[in-house]
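An overview of the molecular structure
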Amino acid sequence: MNKFIKNKSIMNQGIIDKYKINFYNSVYEGPVTKIKDIDKIPSTNNKFLTTFLYSWSRSSDIDELLLPDIETVLNEEESELDNGSETIQITIYLDLVIFYPENSDSFSIPTVDFKEIIIAWRDFLLESPLNGTKV
């Protein structure tokens, strides 16, 4: 289990277990420059959820673009909002978030689970070493 999630108790253990969530730091070596960087990696039991999280790799984007939409729907200011990434679009409803991956069937997760996962991912992105740190 990921040390960050385990030690910080960021996420409910039930959500961690349900989605098999693990966030970790990976060392990536550029093919041309050979410079090694830290890459923050999400892992879940759903490749589309994992891809979605990875595409939101800037905590500021999560804070400015994704979390406000989730809050707007949860506060019932809107009944649904669309958001997403380059490859996976989502529709946020009060009770669930539907993912629409390219060339695949849609799937959904409860909105409260989605919010908790997004917040934990954002918090992990803010932990040292930061994404892109040279090693």
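Everything below is about the structure printed above this text.
My aim in this report is to walk through the structure given alongside it, one point at a time. (Residues numbered from 1 in each chain as written. Predicted model: local features only at pLDDT ≥ 70, side-chain atom pairs only at ≥ 80, totals over all residues. Heavy atoms only, no water.)

**Comments concerning the overall build of the protein**
When its secondary structure is counted, the protein shows 5 helices and 6 strands. Pairs at least 24 apart in sequence give 47% of the contacts found in the protein among residues at least 6 apart. (Helix = DSSP H or I, 4+ residues; strand = E, 2+ residues; numbered from the N terminus. Contact = heavy atoms within 4.5 Å.)

**Digging into the nonpolar core**
In this structure, F52, I90, F99, F114, I117 and I118 are the most contacted members of the largest nonpolar core, which totals 31 residues. Mapped by element, the contributors of at least two residues to this core are helix 2 (13-19), helix 3 (47-55), helix 4 (59-74), strand 4 (88-93), strand 5 (96-101), strand 6 (107-110) and helix 5 (111-126). Considering each element in turn, this core owes the most residues, 7 residues, to helix 5. (Core = buried A, V, L, I, M, F, W, Y, C linked by side-chain atoms within 4.5 Å. Buried < 20%, exposed > 50% of the residue type's maximum accessible area, 1.4 Å probe, protein only.)

**As for the side chain of T50**
Summarising the element assignment, T50 is placed in helix 3. Setting aside chain neighbours within four positions, we find T50 in contact with P42, S43 and T44.

**So, the pairing of strand 4**
In summary, the side chains of a regular strand alternate between the two faces of the sheet. Taken together, the 5 bridges between strand 3 (residues 80-84) and strand 4 define a ladder with antiparallel strand orientation. In the sheet register, G84 faces strand 4, and the bridge partner there is Q89. Where strand 3 hands over to strand 4, the hairpin turn is made up of 3 residues, counted between the paired strands. Where strand 4 meets strand 5, 5 bridges bridge the pair, whose relative direction is antiparallel. Bridged to I88 within strand 5 is P101. (Pairing = 2+ DSSP bridges.)

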